Amino acid sequence: MPLDPARTVAELKELRELTGDENGAQRVAWTDTWERAREWLLGKLDGLPLEYQVDEAGNQWWTLAGGTDRAVLIGGHMDSVPNGGWLDGCLNVLAGVEVLRRVAEDGEPATTVRLVNWADEEGARFGRSLFGSSAAGGSMDDQDELRSRRDADGVPLPEALAAHGVELDRALEARSQLETAAAYLELHIEQGPVLESLDLPLGVVLGTFGVERHQVSFRGQAAHAGSTPMDKRRDALAGAAKLELELRAIAARAGEGAVCTMGGVVTRPGIVTSVVETAECLLDQRHLDAHQLAEMLSNAEAASRRFAEEERLEVEWERIWNIQPILFDDALIELADESITEVAGTSHRLPSGPLHDAAEVARAGVPTVMLFVQSLRGLSHTKLEDTKEEHLELAVQALDRLADKTISRVAAG
Ligand SMILES: [Zn+2]
């Protein structure tokens, strides 16, 4: 059975019929629709010489035994956000299914090959992304907090997991799954506009951005909007507004895909008859290079102090969350580049803005690489998410080439 990329596209459509509605994909993790998708996936791999198991974090694993125990992993996630797209996550799982079929048909591979469907990548129901991969990767350290999390209907997280056979307290035991992992490959839609703007179907991902998230609070003085002359105001929103616009220059100076976003500003008292006393800004900064990220952060801090002084305000910074950049494996990046060039003529290297399961696996020390396939209009997490079918087929071919090269490389030690 040679590789049949058109079958992957047909199966993606079948999945969309089975688990989507007029608003998009509804495969939210720890729901019946998600379970239906997992059952369906299990059926797709029926008949192949695979060992099947579900680990302690709810991740599904299929193992094709090879010449050595050292395993090449292909991973993705079947879960979606509510009203999600038809490709996010499941494209890689189904491309992986096709690659497994091809590899199995060719006889015993030189190394073991494993497909994983990570549980709850999106974190849509409980606000905790990368659940299954962070458990397997060993970075999950928030179990105490997760124990008290509830969904919008008040259902506790441990209860929802238990309904799907997962005990939160045992989730970290999934770590044993990565003990034999020698390489991890993940294909994903880009979810951004870069490849489309370059008119390229595929790219190699260099790593995932480091992220610095802060709340920046400017404080001035509430005063009557009618009786306070313009030059007597201490308007906290003026500081926030200046900082928002300065972020463009800060990102431009860092370059290499740097992004800075002020995603929210809450003003108080927040009434039309008062000058703004406090402006609480949510700031998100991302870069692939840790040094550049630190530089962007210190530039934003310095700018905020300058604007506070100009506007006679106080400014305070509080870190909400941060993560270091996670770089993918140089040798696998080369193999991915070759694979893309073979099937599409031209390759391109780019960072990933969003985190992915691949970041957790890389963080656990497994050599990792990702392929991105072009997203039309850069849209994702919406039913408008789309990729040209010919590009999806090229992506399956590129993943297949990459799997082949990686198996040879791992087998050669
Ligand atoms: Zn995804």
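Above this text sits the structure in question.
Draft legend 1. Representation of the pattern of salt bridges in the model. All chains considered together, the criterion is met by 31 salt bridges. A salt bridge links Glu98 to Arg7, with the nearest nitrogen and oxygen atoms 2.9 Å apart. Remark: Arg7 occurs in helix H1 (residues 5-19) and Glu98 occurs in helix H3 (residues 90-105); sequence separation between them is 91 residues. Exposure remark for Arg7: the relative accessible area of 22% places this residue in the partly exposed category. The partner of Arg149 in a salt bridge is Glu145, with the nearest N and O atoms 2.9 Å apart.

Draft legend 2. A look at the sheet that holds strand E11 (residues 278-287). Across the sheet, four strands lie side by side as E10-E11-E9-E12; this open sheet has antiparallel pairing. Of all the strands in the sheet, the pair left with one neighbour each is strand E10 (259-268) and strand E12 (314-323). Going across the sheet, the axis of each strand differs from the next one's by a mean of 15 degrees, ignoring polarity. The sheet contact formed by strand E9 (residues 210-219) and E12 spans nine bridges and is antiparallel. Bridged to Val211 within E12 is Ile323.

Draft legend 3. Examining the coordination of the zinc ion more closely. Those donors, His77 (NE2), Asp88 (OD) and His188 (NE2), are the protein atoms that reach the zinc ion, and they lie 2.0 to 2.2 Å from it. Each donor residue of the zinc ion lies on the same chain, and together they follow the pattern H-x10-D-x99-H. Taken together, the residues span a long stretch of sequence, with His77 in the loop between strand E5 (71-76) and H3 and Asp88 in the loop between E5 and H3 at a distance of 11 residues. Asp88 matches His77 in its accessibility class, with the two residues each being buried.

Draft legend 4. View of the side chain of Glu311. Looking at the secondary structure, you find Glu311 in helix H9 (residues 290-311). Using a relative accessible area of 18% as the deciding quantity, one classes Glu311 as buried. Once residues within four sequence positions are removed from consideration, Glu311 is found in contact with Arg233, Arg234, Ala238, Gly239 and Lys242.

Draft legend 5. Region of interest: the pairing of strand E15 (residues 368-373). With six of its six residues buried, E15 lies for the most part within the structure. The alternating pattern of E15 places Thr368, Met370 and Phe372 on one face and Val369, Leu371 and Val373 on the opposite face, and all of these are buried. Looking at chain direction, strand E7 (residues 181-189) and E15 are connected through six bridges and run parallel. Within E15, the position partnered with Leu185 by the bridge is Val369.

Criteria and thresholds
- Residues numbered from 1 in each chain as written.
- Predicted model: local features only at pLDDT ≥ 70, side-chain atom pairs only at ≥ 80, totals over all residues.
- Heavy atoms only, no water.
- Salt bridge = Lys/Arg side-chain N within 4 Å of Asp/Glu carboxyl O.
- Helix = DSSP H or I, 4+ residues; strand = E, 2+ residues; numbered from the N terminus.
- Buried < 20%, exposed > 50% of the residue type's maximum accessible area, 1.4 Å probe, protein only.
- Pairing = 2+ DSSP bridges.
- Axes fitted to C-alpha atoms, helices over the stretch in contact; angles between N-to-C directions.
- Donors = N, O, S within 2.8 Å, 3.2 Å for Na, K, Ca; no water.
- Contact = heavy atoms within 4.5 Å.

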